[in-house]
Amino acid sequence: MNDGEAVRGDQYDDESEDYVAYWQGRDYEHAAEIAAVKRLVGDRRYELVCEVGGGFGRLSPVLKEYADRVMMCDPSAKHVAIAGRLLAGHPGITAHSMRPGQLPLDDGSADLVSMIRVMHHLPDPGPTLREIARVLKPGGRALIEVANSAHMLNKLRYAKRLRGVPRDPVDIRSAEKAAEGGIPFVNHHPDTVVEQFAQSGLRVEDKLSVSNMRSGRLKRSLGEDRLLAVEQRVQSPLAALNFGPSLFFLLRRGLPE
C-alpha cells in the first residue's frame, strides 16, 4: 500500500462499485451493527452528530434517534447524491461532501462523531483520528468501528503456524487486487488501534464485539432472528476477547486540564 491509497476518497464513484447492492442479503450484519450503535449511544442525547464516511446513509436514521441533527459526510460524490435522495424524508439529517481526512466542521463543534465501516480503508488511520478529535467538543464522544485482525478465527489460524497476529495493519486483498490498486482493505490489531486512539486524544470508554456469528451456515440453520438474539446477548461479554470480526469502540475526547 502506498500513501496515495490512504488519501483517496473517490473509489466508490466508480460505476463498478455498488455499495447499496453490497448490503442486500446482509440483514444480520446490518441489524448487528444497529444493535451495537444503540447500545453504545442510546443512553445519551446529542445536539450534533457527524457521521464520517456514512456512505449512502445506512445508519443515519439510527443515529438521528439520539440526536437533534446528523451530518452525514462522505468523500464519494455518488454516495452523497444517493444519501440525499434516500434521506430526503428524514428531517434533521443532511448529506455533505468531504475531502478525505477533512471534515466540514469547526473545532470542537460536534457532540458525537461516528465512523463505521471506514477504518478498513485506512492503512494509516492516525490523520483521520486526529481530525475526529479536532471537531469533537471537549468531553465529546466518538463511535468507531474497527475491522479486527485479531478475531478468534484469525488467532487460531496464526496459532497453527506458531505465530501471533501482526500488530501492523493486514492487507486482506489478493495480490492481484493489490497490484491493481483501488480501494485499500486492511484489518487492524485492536491493541495497536487503542494506542492510536490515545495518541489522538481519544480514550476508550466501552467496546463491543460485533457480527460474532457471521456465518452462512449459522444463518441457514438458526435463522437470522435467532442469530440476532444471540448476537445481542454476546456483544458485550465477547468484547474482552476481541472475538468477532468487527469491534465497536465508544471513545471520549479528553477534557482540558
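Bear in mind the structure is a predicted one, so any value in this text is a computation, not a measurement. (Residues numbered from 1 in each chain as written. Predicted model: local features only at pLDDT ≥ 70, side-chain atom pairs only at ≥ 80, totals over all residues. Heavy atoms only, no water.)

Participant: I keep staring at helix H9 (residues 190-199) and nothing clicks. Help me out?
Facilitator: Since the α-helix packs 3.6 residues into each turn, any two residues three or four apart lie on the same face. Looking at H9, one finds that the buried residues are Pro-190, Thr-192, Val-193, Gln-196 and Phe-197. Down the axis of H9, the buried side of the element spans an arc of 155°, and every buried residue falls inside it. Seen from the buried face of H9, the exposed residues on the opposite side, beyond 90 degrees, are Ala-198 and Gln-199. Trailing H9 by a residue or two, Gly-201 shows a phi angle of about 85°, which is positive. (Buried < 20%, exposed > 50% of the residue type's maximum accessible area, 1.4 Å probe, protein only. Helix = DSSP H or I, 4+ residues; strand = E, 2+ residues; numbered from the N terminus. Arc of directions from axis to C-beta.)

Participant: What should I look at first to understand the sheet that holds strand S3 (residues 93-97) in this one?
Facilitator: Strand pairs in the sheet, formed through backbone hydrogen bonds, run parallel or antiparallel to each other. Taken in spatial order, the 7 strands of this open sheet run S3-S2-S1-S4-S5-S9-S8, and their pairing is mixed. Looking at strand neighbours, the two that pair on one side only are S3 and strand S8 (202-210), the edges of this open sheet. For this sheet, the mean inter-axis angle between neighbouring strands, taken without regard to orientation, is 20°. Relative to strand S5 (residues 136-147), strand S4 (residues 110-115) runs parallel, the two sharing 5 bridges. Note that in S5 the partner of Ser-114 across the bridge is Leu-143. Contacting strand S2 (67-74) and S3, helix H5 (residues 77-86) runs over the sheet at an angle of about 165° to S3. (Pairing = 2+ DSSP bridges. Axes fitted to C-alpha atoms, helices over the stretch in contact; angles between N-to-C directions. Contact = heavy atoms within 4.5 Å.)

Participant: Would you explain the side chain of Asp-74 in this entry?
Facilitator: With respect to the helices, strands and loops of the structure, Asp-74 is situated in strand S2. Within the structure, Asp-74 has its side chain in polar contact with the backbone nitrogen of Ser-76 (distance 2.9 Å). At a separation of 3.5 Å, a polar atom in the side chain of Asp-74 contacts the side chain of His-79. Dropping the residues within four chain positions of it, Asp-74 is found in contact with Gly-53, Gly-54, Gly-55, His-79, Val-80, His-96, Ser-97 and Met-98. (Polar contact = N/O pair within 3.5 Å; in protein donor to acceptor, adjacent residues only side chain to side chain.)

Participant: Even after reading the chapter, I still don't get the pattern of salt bridges, so can you show me in this structure?
Facilitator: Proximity of charged atoms lets side chains of opposite charge pair with each other. Scanning the model with the defined rule gives 15 salt bridges in all. In this structure, Asp-171 and Arg-173 form a salt bridge, with 2.9 Å as the shortest nitrogen-oxygen distance. Notably, a salt bridge pairs Arg-203 with Glu-205, separated by 3.9 Å at the nearest N-O pair. Take Arg-203: its relative accessible area is 48%, and that puts it in the partly exposed class. It is possible to trace a salt-bridge network through shared partners that takes in Asp-43, Arg-44, Arg-141, Arg-203, Glu-205 and Arg-252. (Salt bridge = Lys/Arg side-chain N within 4 Å of Asp/Glu carboxyl O.)

Participant: Whenever I open this one, the environment of Val-118 confuses me. Can you help?
Facilitator: On the secondary structure map, Val-118 appears in the loop between S4 and helix H6 (126-135). Leave out the neighbours within four places in its chain, and Val-118 touches Val-52, Gly-53 and Glu-145.

Participant: What am I meant to see in the side chain of Glu-33 here?
Facilitator: Here Glu-33 lies in helix H3 (residues 27-41). Not counting chain neighbours up to four residues away, the residues in contact with Glu-33 comprise Trp-23, Arg-58, Leu-59, Ile-116, Arg-117, Val-210 and Phe-248.

Participant: Can you walk me through the packing of H3 against helix H11 (residues 224-234) in this structure?
Facilitator: Relative placement of two packed helices is described by the angle separating their axes and the distance separating the axes. Put simply, H3 and H11 touch, their axes get as near as 10 Å, and they point 30° apart. The orientation of H3 with respect to H11, classified from their angle, is roughly parallel. Judged by the sense of rotation from one axis to the other, the crossing of H3 with H11 is right-handed. Facing H3, whose interface residues are Asp-27, Tyr-28, Ala-31, Ala-32, Ala-35 and Arg-39, H11 presents Glu-224, Leu-227, Leu-228, Glu-231 and Gln-232. (Parallel < 35°, antiparallel > 145°, perpendicular 65-115°, else oblique. Left-handed = near helix turned anticlockwise from the far one by under 90°.)

Participant: Got a minute to help me understand the pairing of strand S1 (residues 46-52) in this structure?
Facilitator: Every regular strand shows the same layout, with side chains that alternate between the two sheet faces. Along S1, 6 of the 7 residues are buried, which leaves the element largely enclosed by surrounding structure. Across 6 bridges, S1 lies against S2 in parallel orientation. Its bridge partner being in S2, Val-52 is matched across the sheet by Cys-73. One ladder, built from 4 bridges, connects S1 with S4; its direction is parallel. Note on S4: the bridge partner recorded for Val-52 is Met-115.

Participant: Can you help me understand the nonpolar core in this one?
Facilitator: Here is a general trend for soluble globular proteins: nonpolar side chains tend to be buried in one another's company. The biggest cluster of nonpolar side chains holds 30 residues, and the ones touching the most others in it are Val-37, Val-41, Leu-143 and Phe-248. Elements that contribute at least two residues to this core include exactly H3, S1, helix H4 (60-64), S2, S8, H11 and strand S9 (246-253). The element that contributes the greatest number of residues to this core is H3, accounting for 7 residues. Residues within four places of Val-41 in sequence aside, it is in contact with Tyr-46, Tyr-66, Leu-112 and Leu-143. The next biggest cluster of nonpolar side chains, apart from the first, holds 28 residues, and it includes Val-52, Val-118, Ala-133 and Phe-197. (Core = buried A, V, L, I, M, F, W, Y, C linked by side-chain atoms within 4.5 Å.)

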